[in-house]
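Here are the chains, one letter per residue:
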Amino acid sequence: MFWSVIAANKRKTVLLIVLMGFFLISSGSMIGMALADAQHPYAAGLIGAAAAGAVWVVMLLVSLFASDSVLLGLTHAREVTRDMYPQLINVVEEMVIAGSLPHMPRIFVVDDPSPNAFAVGKSPEKSCICVTAGLLALCDRDELQGVVAHEIGHIMNRDVLYMTVAATMLGSILFISDMFVRSFRYTSTTRLASRSRRAGGGAAGPLLIVSLLLAIIGPILARVLYFSISRRREYLADATSARLTRYPEGLASALEKIGQSPVMLSAAPSAVAPFYTVNPYRQHISSGAFATHPPLSERIQILRAMSHGAGYTDYLKAYARVTRRRRALLPPADLTERGKVDIRQASRDGCSAPATRAESLRRARDIIRALNDFAFITCACGLRIKVAPEYPKDRIACPRCSRVHSVQRSGAAAVGSVLSASSAMGAPAAARVVCPDQGGGHPSERAVQEARFVPGRWQKIACEICGHGYEISPRFSGKRLVCSGCGAVIRFSRAAGQGGGSSDISA
Amino acid sequence: MSAGTIVFIFLAVIAVAVLIYVVGAYNALVILRNQIKNAWSQIEVQLKRRHDLIPNLVEVAKGYMSHERQTLEAVTQARAKAAGAKSVSDISRAETALSGAIGQFLAVVENYPDLKANQNFLALQEELTTTENRIAFARQAYNDQVLFLNNKVEMFPSNIVAGMFGFRKGQFFELEEQSERAAPRVSFG
């Protein structure tokens, strides 16, 4: 638990409530004055303020006492029992034990094919965890555990309190400004015209402009405030997840699967978006002020870079290494961790997959590569990096977890290691980066990397030199990409069809 | 005010400060000890759960794997031994053995596709997995608390308070590393 985060969440919740009250009452009185007759502007302003105050009180009560049912209702979630989803309930109970939560949260499932999850509730005693049916279908036990632990992390750090209040506030601000715009539209033609004639357009004009501005700026402000705060929480919830499950790879591969899933969440109102583990609106993935979630590839890389342990300190180290940010995620005083937290083994189910045709094809290609003096590096995250003999540097960063390896040329001896290497490593096709023949003809020192592009799905590519991650849209049609981090060129070879893709040998 | 009074007030202030510290430290130690008790009872609940699960598991498996009497008996015996253990160190030893026996059993199950397809067995296996996880997580929580208490009991100045009121170091619940590693890794395709 991060005490400073918990305290900050509580403090911010109070601040938000007060600010919203101030904003609502002032804009209510403005609107009242703008719409009223010119004879009694102040009385009308008072009425407006009172109405806004009433709205504020109602909002407050709703957000503190009924927000979970409202939010769960918005997403059409239904509560589930042990008979229906034994594994889900078991996983949640495990995480409750691991996090020493005082109570078991209520568990909900949304019938939505898109994989995602969220948590609501104002305190750990009264919290709910909600997952989609798509998540249950897509993830194995360890991955589900990682996602559930992420949500438990939000509950433990009291993120859900702040987010619940913020979501309700945001919703009602949108509602009020919408009402105002509508009432303005209806009255503008008749009453407003007559009033301005009577008042000579003196007092009503500026007021009208101010209230309009409020109506326009309010929602935008609310959104910026709401979105800019939730990114650090996502990292911290990831850290908690790794610590609770002691298996960062679970959440990492769940996030990877979620990121690759082509299905978008259908029943997600925008006010609920920041609650989800992964932003349901995929097209908004960006690092601007409006992004509620950090880039998925970065979160995955951080989790996979945790090779020494699953504790908070390990996560913070990995975070610093992957993001290269100076500012620490947490004040050092918050790290009350004692001793080392070891990473556990993968659980029994789902750790082996039968060798498919694609698998054997890949192995055959690897043998050819090995004969051509490619260097093979097996990274601790499970990816096998294949380095072409022409690769100019003697160090290489893993495209999946950004660990840096030194490149050693082993010559034909590599063939044997390829033959004997376990095929269960399961390096996904999208992450395979091969550095092809570049020769000396290229201007400057620009390194060229080759990546396979499979049309029709999202995929994540990382620059192998600086580790900068990219999410490539299924509609991406270009042939190359210049890395904005280091200027290296990433070239894409297109995989023909679904099982094909032999083009990368000849490249 | 004479010099004596000043010295007296000074000493009184120090005495009160010390008293406040002792009370605080004592209460912190009591809270920790209770948390440890609580964490331990959580472990016991989960161990009991595992013990209750095993007869069912053996019952379901019996019909399918009549040739594996030994494996099944090993599990049953390990369970009986674990159920009889009393002290923390006995329990850790017996439970380690039980984990090993279960691991062996699950490895053998690999050879019985019919059993693996049995709905009852699948449900039991999920229960077994979750119970093992719960034991691991409860153990982690317990050991964290024990480490915290031990630090308090050993470190200055809280060790003085701990010594005065007879707080002793807690015992870690270890499942022996070696046998954990020796447990075969089983894959269910």
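**Some remarks on the overall build of chain B**
The secondary structure content of chain B amounts to seven helices and zero strands. Its helices and strands taken in sequence order, chain B reads α-α-α-α-α-α-α from the N to the C terminus. Looking at chain B residue by residue over its 189 residues, the buried ones come to 29%. Contacts in chain B between residues far apart in sequence, at least 24 positions, make up 78% of those at least 6 positions apart.

**Notes on the overall build of chain A**
A count of helices and strands for chain A gives 14 helices and 14 strands. Across the 507 residues of chain A, 43% fall into the buried class. Residue pairs in contact within chain A that sit at least 24 positions apart in sequence constitute 67% of those at least 6 positions apart.

**Some words on the pairing of strand E4 (residues 128–132) of chain A**
All names here are of chain A. The element E4 is largely enclosed, with a buried count of five among its five residues. Burial of E4 is two-sided: the residues Cys-128, Cys-130 and Thr-132 facing one way and the residues Ile-129 and Val-131 facing the other way are all buried. Across four bridges, the pairing between strand E3 (residues 117–120) and E4 is antiparallel. In the strand pairing of E4, Ala-119 is matched with Ile-129.

**Some thoughts on the nonpolar core**
If you look at the biggest cluster of nonpolar residues, it comprises 98 residues, and the most contacted ones within it are Met95(A), Cys130(A), Val148(A), Tyr315(A) and Tyr142(B). Sort the elements by how many residues they give to this core and helix H6 (residues 159–199) of chain A lands first, with eight residues. Shared between two domains, this core takes at least three residues from each, and those domains are domain 1 (1–280 + 288–337) and domain 2 (357–506) of chain A. Apart from the residues within four sequence positions on either side, Val148(A) is in contact with Val91(A), Val92(A), Met95(A) and Ile129(A). Among the nonpolar cores identified, the runner-up in size contains 15 residues, and Ala61(B), Val75(B), Ala78(B) and Leu106(B) belong to it.

**Focus: the packing of helix H5 (residues 141–156) of chain A against helix H9 (residues 248–260) of chain A**
All names here are of chain A. Two numbers describe how H5 lies on H9: the axes approach to 7 Å, and their chain directions differ by 95 degrees. If you check the angle between H5 and H9, you find them roughly perpendicular. Here H5 contributes Asp-142, Glu-143, Gln-145, Gly-146, Val-147 and His-150 to the contact with H9, which in turn contributes Gly-250, Leu-251, Ser-253, Ala-254 and Lys-257.

**As for the sheet that holds E4(A)**
Neighbouring strands of a sheet are bound in pairs by backbone hydrogen bonds; such pairs are parallel or else antiparallel. Residue and element names in this part refer to chain A. Reading across the sheet, the four strands line up as E1-E2-E4-E3 and stay open at both edges, with mixed pairing between neighbours. Pairing within the sheet leaves two strands with one partner each, and these edge strands are strand E1 (77–79) and E3. Put simply, the sheet's adjacent strands are angled 30 degrees from each other on average, direction ignored. Across five bridges, the pairing between strand E2 (residues 106–110) and E4 is parallel. Bridging from a neighbouring strand, Phe-108 pairs with Cys-130 of E4. Strands E1, E2, E3 and E4 of the sheet are contacted by helix H2 (residues 41–74), whose axis makes an angle of about 155 degrees with E3.

**Describing helix H11 (residues 312–323) of chain A**
The periodicity of an α-helix, 3.6 residues per turn, causes residues three or four positions apart to be oriented the same way. For H11(A), with 12 residues, the first-to-last C-alpha span of 16 Å sits near the 16 Å given by 1.5 Å per residue. Buried residues of H11(A): Tyr312(A), Asp314(A), Tyr315(A), Leu316(A), Ala318(A), Tyr319(A) and Val322(A), and no others.

**A short note on the packing of H9(A) against helix H10 (residues 296–304) of chain A**
To characterise two packed helices, one gives the angle between the axes of the helices and the distance between these axes. Residue and element names in this part refer to chain A. Relative to each other, H9 and H10 sit at 160 degrees, their axes nearing to 8 Å. With respect to their mutual orientation, H9 and H10 come out roughly antiparallel. Crossing handedness for the pair H9 and H10: left-handed. Here Pro-248, Glu-249, Leu-251, Ala-252, Leu-255, Glu-256 and Gly-259 of H9 lie close against H10, whose contacting residues are Leu-296, Arg-299, Ile-300, Leu-303 and Arg-304. Among the residues forming the contact of H9 with H10, the class breakdown is seven nonpolar, one polar and four charged.

**Notes on the environment of Met163(A)**
All names here are of chain A. Here Met-163 lies in helix H6. For Met-163, a count of 26 C-beta atoms within 10 Å corresponds to the buried category. The sequence separation of Met-163 and Val-120 amounts to 43 residues, and the corresponding C-alpha distance is 8.1 Å.

**What to know about the confidence of the model for chain A**
Residues and elements named next belong to chain A. Summing up the model confidence of chain A, the mean pLDDT is 70 and the portion of residues at 70 or higher is 59%. Below a pLDDT of 50 lies the segment residues 282–291, which in the model reaches 16 contacts outside its immediate sequence neighbourhood of four places, other chains included. This stretch, residues 350–355, has a pLDDT under 50; its non-local contacts, to residues over four places away or in other chains, come to 12 contacts.

**Some remarks on the environment of Val58(B)**
Residue and element names in this part refer to chain B. Take Val-58: it is sitting in helix H1 (residues 3–62). Val-58 sits in the partly exposed class, given 18 other C-beta atoms within 10 Å. In this structure, the C-alpha to C-alpha distance between Val-58 and Leu-72, residues 14 residues apart in sequence, is 6.4 Å. Setting aside chain neighbours within four positions, we find Val-58 in contact with Leu-72, Val-75 and Thr-76.

**Some details on the environment of Lys386(A)**
All names here are of chain A. Residue position: Lys-386 is located in strand E6 (residues 384–387). Looking at Lys-386, the number of C-beta atoms within 10 Å reads 22, which means it is buried. Sequence separation between Lys-386 and Ala-370 is 16 residues; the distance between their C-alpha atoms is 8.9 Å.

**A look at unusual backbone geometry**
The peptide bond linking Phe156(B) to Pro157(B) adopts the cis configuration, its omega dihedral lying at 0 degrees. The phi torsion at Arg158(A) lies on the positive side, around 60 degrees, for a residue other than glycine. Structurally, the position occupied by Arg158(A) is in the loop between H5 and H6. When the 25 C-beta atoms within 10 Å are taken as the criterion, Arg158(A) is described as buried. In this structure, Arg246(A) takes a positive phi of about 55 degrees despite not being glycine. For Arg246(A), the location among the structural elements is in the loop between helix H8 (230–245) and H9. Given 20 C-beta atoms within 10 Å, Arg246(A) falls into the buried group.

Calculation criteria
Residues numbered from 1 in each chain as written. Chains lettered and ligands numbered in written order. Predicted model: local features only at pLDDT ≥ 70, side-chain atom pairs only at ≥ 80, totals over all residues. Helix = DSSP H or I, 4+ residues; strand = E, 2+ residues; numbered from the N terminus. Buried ≥ 20, exposed ≤ 12 C-beta atoms within 10 Å, placed from the backbone. Contact = placed C-beta atoms within 7 Å. Pairing = 2+ DSSP bridges. Core = buried A, V, L, I, M, F, W, Y, C linked by C-beta atoms within 7 Å. Domains from an automatic or database assignment. Axes fitted to C-alpha atoms, helices over the stretch in contact; angles between N-to-C directions. Parallel < 35°, antiparallel > 145°, perpendicular 65-115°, else oblique. Expected span 1.5 Å × (residues − 1). Left-handed = near helix turned anticlockwise from the far one by under 90°. Nonpolar A, V, L, I, M, F, W, Y, C, P; charged D, E, K, R; others polar. pLDDT = per-residue confidence, 0-100.

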